[in-house]
Amino acid sequence: MSPMHIALFAHAFGQRYDLPVPLWLYIYGGAAAVLLSFVVVGYFVDKKRSTVRPPVFICMVPHWVRVALGVFGCALLGLIVLAGLVGGQVPIQNITITFFWITFLLGCTYLTVLLGNWWPYIRPTSVLVRLAERLAGVRLGPFVRYPERLGYYPALVTYIGLIWLELLSTGFGVVPQNLAWVLVGYSVVSATGAIVFGARDWYRYGDFFSVFFRLIGAMAPFVRKDGNLYVRRPLTGLLTATHLRFSLLLFVLFMLSSTAFDGLRDTKVFNRLLAVMPQLSGLDFWLLLLLPCVFLALYMACMGVMYKLVQSGRTVRELAVVFSVTIVPIAFAYNVAHYWTLLVIQGQQLIALVSDPLGWGWNVFGTAGYTVNVGIVGASTVWYTQVGLIVLGHIAAVYLAHRVALRLYPDTKQAVRSQYPMLALMLLYTMISLWIIAQPITA
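Chemist: How should the overall build of the chain be read in this particular structure?
Modeler: Summing up its helical and strand segments, the chain has 21 helices and three strands in all. Taken across its 443 residues, the chain has 52% of its residues classed as buried. In the chain, once contacts between residues fewer than 6 apart in sequence are set aside, the share between residues at least 24 apart is 81%. Accessible area for the chain stands at about 20400 Å²; split by element, carbon and sulfur atoms hold 69% of it.

Chemist: Looking at this model, I keep getting lost on the side chain of threonine 112. Mind explaining?
Modeler: Its location among the elements puts threonine 112 in helix H5 (residues 95-115). Of the polar contacts made by the side chain of threonine 112, one reaches the backbone oxygen of cysteine 108; its length is 2.7 Å. If we ignore the near neighbours within four places in the chain, the residues touching threonine 112 are Asn117, Phe213, Ile216, Gly217 and Ala220.

Chemist: Even after reading the chapter, I still don't get unusual backbone geometry, so can you show me in this structure?
Modeler: In most cases, non-glycine residues show a negative phi, while peptide bonds are predominantly trans. Unlike most non-glycine residues, aspartate 226 shows phi in positive territory, near 55°. Considering the arrangement of structural elements, one finds aspartate 226 in the loop between strand S2 (222-225) and strand S3 (228-231). A relative accessible area of 71% means that aspartate 226 is categorised as exposed. You will see that leucine 235, though not glycine, has its phi angle at about 80°, which is positive. Position of leucine 235 among the secondary structure elements: in the loop between S3 and helix H12 (236-239). Overall, leucine 235 belongs to the buried group, its relative accessible area being 16%.

Chemist: Quick question: what am I supposed to make of the packing of helix H8 (residues 153-168) against helix H15 (residues 284-309) here?
Modeler: A pair of packed helices can be characterised by two numbers: the angle between their axes and the separation between those axes. H15 packs onto H8 with a crossing angle of 135° between their chain directions and a minimal axis gap of 11 Å. Overall, the two elements H8 and H15 adopt an arrangement that is oblique. The two elements H8 and H15 cross, and the hand of that crossing is right-handed. Side by side, H8 and H15 meet where Ile160, Ile163, Trp164 and Leu168 of the first sit next to Asp284, Phe285, Leu288 and Leu289 of the second. Here the contact of H8 with H15 is built from residues that sort into seven nonpolar, no polar and one charged.

Chemist: Honestly, the side chain of serine 126 in this entry has me stumped. Any pointers?
Modeler: Take serine 126: it is sitting in helix H7 (residues 124-136). On the basis of relative accessibility, which here comes to 7%, the residue serine 126 falls in the buried class. Setting aside its immediate chain neighbours within four residues, serine 126 contacts Pro120 and Tyr203.

Chemist: Please clarify how the environment of isoleucine 27 should be interpreted in this entry.
Modeler: Considering the arrangement of structural elements, one finds isoleucine 27 in helix H3 (residues 23-44). Its relative accessible area of 12% is what places isoleucine 27 among the buried residues. Sequence separation of isoleucine 27 and serine 187 is 160 residues, and the distance between their C-alpha atoms is 43 Å.

Chemist: What's the story with the sheet that holds S3 in this structure? I'm lost.
Modeler: Strand pairing in a sheet relies on backbone hydrogen bonds. The paired strands run either parallel or antiparallel. Sheet architecture is open: three strands sit in the order S1-S3-S2, paired in antiparallel fashion. In this open sheet, the two strands that pair with only one neighbour each are strand S1 (56-60) and S2. Strand-to-strand twist across the sheet, computed as the mean angle between neighbouring axes with direction ignored, equals 30°. Bridge count for S2 against S3 is four bridges, and the pairing is antiparallel. Residue pairing for S3: phenylalanine 222 is matched across the bridge by valine 231.

Chemist: Teacher, can you tell me more about the packing of aromatic side chains here?
Modeler: Here the distance between the centres and the angle between the planes together describe a pair of aromatic rings. All told, the structure shown has 32 aromatic pairs when counted by the stated rule. Taken together, a centroid distance of 5.9 Å and an interplanar angle of 55° make the contact between tryptophan 119 and phenylalanine 209 tilted. Placement of the pair is tryptophan 119 in helix H6 (residues 119-122) and phenylalanine 209 in helix H11 (residues 208-217), with a sequence separation of 90 residues. Overall, tryptophan 119 belongs to the buried group, its relative accessible area being 12%. Ring centres of phenylalanine 197 and tryptophan 202 lie 6.0 Å apart, and the angle between their planes is 15°; on these two criteria the pair is classed as stacked. The class for tryptophan 202 is buried, based on a relative accessible area of 9%. Members of the aromatic cluster, connected to one another through ring pairs, are Phe100, Trp101, Phe104, Trp119, Tyr159, Tyr186, Phe208, Phe209, Phe212, Phe213, Phe251 and Phe254. The ring of tyrosine 203 is capped by arginine 123, whose NZ or CZ atom sits 3.6 Å from the centre of that ring.

Chemist: Explain the nonpolar core to me, please; I cannot follow it from the model alone.
Modeler: Most often, soluble globular proteins have nonpolar side chains that are buried together. Among the nonpolar cores identified, the biggest contains 124 residues, and Phe100, Trp101, Phe251, Met303 and Phe323 are the most heavily contacted of them. Here this core takes 14 residues from helix H19 (residues 379-408), the largest share from any one element. Residues in contact with phenylalanine 251, not counting those within four places in the same chain, are Ala155, Leu156, Tyr159, Phe208, Val211, Phe212 and Leu215.

Chemist: Looking at this model, I keep getting lost on the pairing of S3. Mind explaining?
Modeler: Side chains on a regular strand alternate between the two faces of the sheet. Bridge count for S1 against S3 is four bridges, and the pairing is antiparallel. Counterpart to methionine 60 in the pairing with S3 is asparagine 228. The turn linking S2 back onto S3 is made up of two residues, and aspartate 226 within it adopts a positive phi angle of 55°.

Chemist: Which parts of the structure should I look at to understand the pattern of salt bridges?
Modeler: Opposite charge on two side chains lets them pair, provided their charged atoms get close. Taken as a whole and judged by the stated rule, the model has four salt bridges. The partner of arginine 204 in a salt bridge is aspartate 201, and the shortest N-O contact between them spans 4.0 Å. In this pair, arginine 204 and aspartate 201 both sit in helix H10 (residues 199-206), three residues apart, roughly one turn of the helix. Residue aspartate 262 pairs with arginine 265 through a salt bridge whose shortest N-O separation is 3.6 Å. Aspartate 262 sits in the buried class, given a relative accessible area of 2%.

Chemist: Would you mind showing me how to read the state of the cysteines here?
Modeler: Applying the stated rule across the entire model yields zero disulfides. Just so you know, cysteine 74 is unpaired, no disulfide at all, and the nearest cysteine sulfur is the one on cysteine 108, 15 Å from it.

Scoring rules and cut-offs
- Residues numbered from 1 in each chain as written.
- Predicted model: local features only at pLDDT ≥ 70, side-chain atom pairs only at ≥ 80, totals over all residues.
- Heavy atoms only, no water.
- Helix = DSSP H or I, 4+ residues; strand = E, 2+ residues; numbered from the N terminus.
- Buried < 20%, exposed > 50% of the residue type's maximum accessible area, 1.4 Å probe, protein only.
- Contact = heavy atoms within 4.5 Å.
- Areas by Shrake-Rupley, 256 points an atom, 1.4 Å probe, with all protein chains shown as cover.
- Polar contact = N/O pair within 3.5 Å; in protein donor to acceptor, adjacent residues only side chain to side chain.
- Axes fitted to C-alpha atoms, helices over the stretch in contact; angles between N-to-C directions.
- Parallel < 35°, antiparallel > 145°, perpendicular 65-115°, else oblique.
- Left-handed = near helix turned anticlockwise from the far one by under 90°.
- Nonpolar A, V, L, I, M, F, W, Y, C, P; charged D, E, K, R; others polar.
- Pairing = 2+ DSSP bridges.
- Phe/Tyr/Trp six-rings, centres within 6.5 Å; stacked < 30°, edge-to-face > 60°.
- Lys NZ or Arg CZ within 6 Å of the ring centre and 35° of its normal.
- Core = buried A, V, L, I, M, F, W, Y, C linked by side-chain atoms within 4.5 Å.
- Salt bridge = Lys/Arg side-chain N within 4 Å of Asp/Glu carboxyl O.
- Disulfide = S-S within 2.5 Å.

Structure representation (structure tokens):
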């Protein structure tokens, strides 16, 4: 039983819902909204209005806050590892499963887009490495320079492993003891990477959670820098992103395709295909790897057309890397649309688990008997929220792509013309995404 199957009602809305109008109207309506946004952005945003304004200083983050966040992160990691190793092994009765898969992976991700990337302060392995250095009295590493050719591939491989654990491990990932050992292993690898290659380079390129939260936090209106907190316009962090690599493009596309993969597995078409070709059920992992290749092929074709339409002095590969950040809002919006009900519904289980984190029958805070309210949100609310999120995510991507194009091309007309293939890709993504999220209803 995977984490997704624990919350079956979250994907199926927990109740029957009939769309008030045919699905094709929503699909074409969403595409029309994205098309209209392209016209509006192209008309109103020119080179003068595309300048990225510097963030505005708010306050200094006190040292004690940074220390407290680090201690908090270590304490949480210690709790969920301890609960997984010595607690009861019924997944829903052990805090390890709900906290990691729901509260952390979903809740913290969604908070990051609002509050900014605070993971570098909370990251337990950073605290443990610094503590080891103090105890040893010497600086640990770096011993080897981080290889340029590695790029973001270590983080991508970890990401693929995480999705396999979540969706395809046939229950391995929801056994508390198994997950606890996985977290211990990840922490050892992360700390070792920081020591061997140096914390700066390892956490910039190789550490999955550091890369993931940095990308999500780049959309936030708040940013930390040199111990200070600043406010900026949302999304502008993506426009000023540095250290872009082709491997980062693959990482971003996997953010999008992994969620699409989970959605496709719920569709009527996929299940009919399994009925005809049952042998496909053993090829899920290869399908997981194939889908980002399909997304990449479409994306690179789009970059090729862009290259032919307007010359910028950059190769197709260079264009693909520069525009990779514009996919991040789509990947994030689709993730929220697909999983926010899981957070709202299954996340309620944490109320009971704080009183009995180990599954030993405790009732520390008197909440152990709390029952999850499956009907906390109505099906219509879920549907319209999903549609709105997906459309807004693609509109944000259109806006970012136009801003990036304005930096590459000498005038606004060329920038707009260069975005015709990107617009076609966004429209395609929009329609496919809306079709996928509608399948639990229409099926």
